Each structure stands twice: as C-alpha cells, then as structure tokens.
Amino acid sequence: MSAEIAQLLKGPPRKRINDPEGLRNKVLDVAEASFQARGYHASALGELMATAGVTGGALHHHFPTKKALALAVIEERVAAALEETWIGPVRAADTAREGVRAVFEAVAAELEQQGFVRGCPLNNLAHELSLADSDFRAALARIFAEWRQAIADKIRADQQAGREQGTDPERFAALAIAAYSGAMSMAKTAQDASVLRDCLAELEGSPTPPFPSRAKRRRRIMLRPGKP
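How each quantity is defined
For every chain, the first residue of the written sequence is number 1, and numbering continues from 1 along that sequence. Local features are withheld for residues below a pLDDT of 70 in this predicted model, meaning they are given only at 70 or higher, and side-chain atom pairs are given and counted only at 80 or more; totals for whole chains, interfaces and linings count all residues. Think of the side-chain values as coming from all heavy atoms in the structure, minus any hydrogens and water. By definition, any uninterrupted DSSP run of H or I lasting at least four residues is a helix, any uninterrupted run of E lasting at least two residues is a strand, and each is numbered from the N terminus. Each residue is placed in one exposure class: buried if its accessible area under a 1.4 Å probe, protein chains only, is under 20% of its type's maximum, exposed if it is over 50%, and partly exposed if it falls in between. Positive charges are assigned to Lys and Arg, negative charges to Asp and Glu, while His and the chain termini are left out of the count. We define a salt bridge as a contact between a side-chain nitrogen of Lys or Arg and a carboxyl oxygen of Asp or Glu at a distance within 4 Å. Pairing of N or O atoms within 3.5 Å defines a polar contact, subject to two protein rules: one partner must be a possible hydrogen donor and the other a possible acceptor, and residues neighboring in sequence count only if both atoms are side-chain atoms. The criterion used for residue contact is that any of the two residues' heavy atoms lie within 4.5 Å. Pairing of aromatic side chains here covers Phe, Tyr and the six-membered ring of Trp, requires ring centres within 6.5 Å, and sorts the geometry by plane angle: under 30 degrees stacked, over 60 edge-to-face, intermediate tilted. We define a nonpolar core as any set of buried Ala, Val, Leu, Ile, Met, Phe, Trp, Tyr and Cys residues linked to one another through side-chain atoms lying within 4.5 Å. One less than the residue count of a helix, multiplied by 1.5 Å, gives the span that helix is expected to have. At any given residue, the bend is defined as the angle formed between two axes, one fitted to the seven residues that end at that position and one fitted to the seven that begin there. Angles here are taken between N-to-C directions and fall from 0 to 180 degrees, while the axes themselves are lines fitted to C-alpha atoms, restricted in helices to the stretch in contact. Every angle not falling under 35 degrees, over 145, or within 65 to 115 is termed oblique; those three ranges are roughly parallel, roughly antiparallel and roughly perpendicular. By definition, any crossing whose near helix is turned counterclockwise from its far helix by less than a right angle is left-handed, and any crossing with a clockwise turn is right-handed. When residues are sorted by character, Ala, Val, Leu, Ile, Met, Phe, Trp, Tyr, Cys and Pro go into the nonpolar class, Asp, Glu, Lys and Arg into the charged class, and all the rest, Gly among them, into the polar class.

Draft legend 1. Layout of the side chain of Lys66. Mapped onto the elements of the fold, Lys66 is located in helix H5 (residues 66-92). Buried charge without a partner: Lys66 forms no salt bridge, and the closest opposite charge is Glu128, 7.3 Å away. Looking at Lys66, its side chain comes within polar contact range of the main-chain oxygen of Tyr40, at 2.8 Å. A polar contact of 2.7 Å, which involves the side chain of Lys66, links it to the backbone oxygen of Ser43. In this structure Lys66 touches Tyr40, His41, Ser43 and Leu45, once residues within four positions along its chain are discounted.

Draft legend 2. Here's a closer look at the packing of aromatic side chains. Taken as a whole, this structure holds eight aromatic pairs when the rule is applied. Centre to centre, the rings of Tyr40 and Phe136 are 5.4 Å apart; their planes meet at 70°, and the pair counts as edge-to-face. Linking Tyr40 in the loop between helix H2 (20-37) and helix H3 (45-52) with Phe136 in helix H8 (residues 134-160), this pair joins segments that are 96 residues apart in sequence. The pair Tyr40 / Phe136 is uniform in exposure class, with both members buried. Taking 5.2 Å as the distance between ring centres and 80° as the angle between the ring planes, the aromatic pair formed by Trp86 and Tyr180 counts as edge-to-face.

Draft legend 3. Fine view of the environment of Ala68. Residue placement: Ala68 occurs in helix H5. Note: C-alpha distance between Ala68 and Phe136 (68 residues apart in sequence) is 9.9 Å.

Draft legend 4. View of the nonpolar core. Counting residues in each nonpolar core, the largest one holds 57 residues, and the members touching the most others are Trp86, Ile151, Tyr180 and Leu196. Going through the elements one at a time, H2, H3, H5, helix H6 (96-114), helix H7 (121-129), H8, helix H9 (169-190) and helix H10 (194-205) are the ones with two or more residues in this core. Non-local contacts of Leu196, meaning those with residues more than four positions away in its chain, are made with Phe104, Val107, Ala108, Leu111, Tyr180, Ala183 and Met184.

Draft legend 5. Seen up close, H5. When the terminal C-alpha atoms of H5 are compared, their 36 Å separation across 27 residues agrees well with the 39 Å that a helix rising 1.5 Å per residue should span. Taking the largest bend as the criterion, H5 deviates by roughly 45°, centred on Glu83.

Draft legend 6. Structural view of the packing of H2 against H3. Direction vectors running N to C along H2 and H3 enclose 125°, while the axes themselves pass 9 Å from each other. If you check the angle between H2 and H3, you find them oblique. For the pair H2 and H3, the sense of crossing is right-handed. Side by side, H2 and H3 meet where Lys26, Val27, Val30, Ala31, Ser34 and Phe35 of the first sit next to Leu48, Thr51 and Ala52 of the second. The residue makeup of the contact of H2 with H3, split by class, is six nonpolar, two polar and one charged.

Shown next, in the form of structure tokens:
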C-alpha cells in the first residue's frame, strides 16, 4: 500500500487542538492577577495551576520554577502595563507635563470607576521582591529606568522646542514617578483614589505651577473590594 493511499484511508489529518502559547498566556494572566491581589509569596503554584486549569507538567514546561514565572510576569506583563499606562501616553502628548497630568487624571478616573485600588503593579512587586532576590530587583529596576528615561526624553524634546529650559529632565522624571508611586501606595492603603488628584492639584497650585491650571475636582471615597 502506497503512502498516499494509507493517508487517504486514515482520513484528513487531525487538527491540532493544543495551544502552547495560549496556555502560557493564560498562566501569565492568572499569575499576574494573583501576585497583584495576594502577593508573590502568598500565591501557591498549586492554586495557580487550578485556576489556570493546567497540569504541573504543562506549567513547568513553560516556567520551570515559580521564580521563572514571576520574572516572566514582570518582564512581559508589568512592563507592558507600564508601556500602555505611562510611556505611550507621555510620548504621544504635546508636552511632558501634559502627558504626566493626563496619566494622573486617567488613572484616578479609572480607579474611581473600578471601585477599588490594588495599587501600581510595579510598585506592588517592587515592595515585596526588591530585597528578596537580585534577579527580581534587576528586572524591576530596568522597568523603572525605562519609565524614567521616557519622561526625561520627553522633557528633552520639549527643551529642543524652546520649553522647559530651567527643568532638569532626570530630576523631573524622578519626581513624577515618585509622586505617582507614592500616591498609588496611599490610594491602595486608604482605598481612595483622591490622593492622585490631591498630588496633581498641589502641583498645579504651586507658586510656579508645573502643570496647566485645572479646576479643583471633587473627592470620591472608594468602596473596598470584596476580595483582597
């Protein structure tokens, strides 16, 4: 029997139902959510596997260790979230200050609509993992460095256009990140996003306002989430 006839008798080739990339992404999604809600150390691999609906063999095929999984979350999910929330909007804004202001306002509005605050994903993991492992610290530091570089580069572009002549790009970037990071930590603790607006209002109301003046916005107390 020829190979061609044998293939016809067996029928058409079966469609592959495995989706390794989809499975890997699902595990990353579940791990990211758990790390943000509960923390890295409190997230057990067994619970992550059960939630993702994967076997131990499938999990370890993509992520040999829990540390490898966490590094992938940092490098692929946390970095991507920062790109979407901060770096992209700042680069697309007319000026660095307008971009920073837009991010503060957008995040505050999103949190108010959401009804609870889990905090900044980068901050949450940085607080928990920076002193736990040098590889975690290096991965997190790279993201902070990229964040700061994006804002500083935008200030430099503004300076080339004749603006921000008295502004130190690196210091401005550090201040913007520190204000946001601190505000997000406070908002998480109080479950109240108004601190983001408070920080922005104070910057706008300073003697030499670093942001365009905007009307004072009302405070809104947020509801606590049903889950930690």
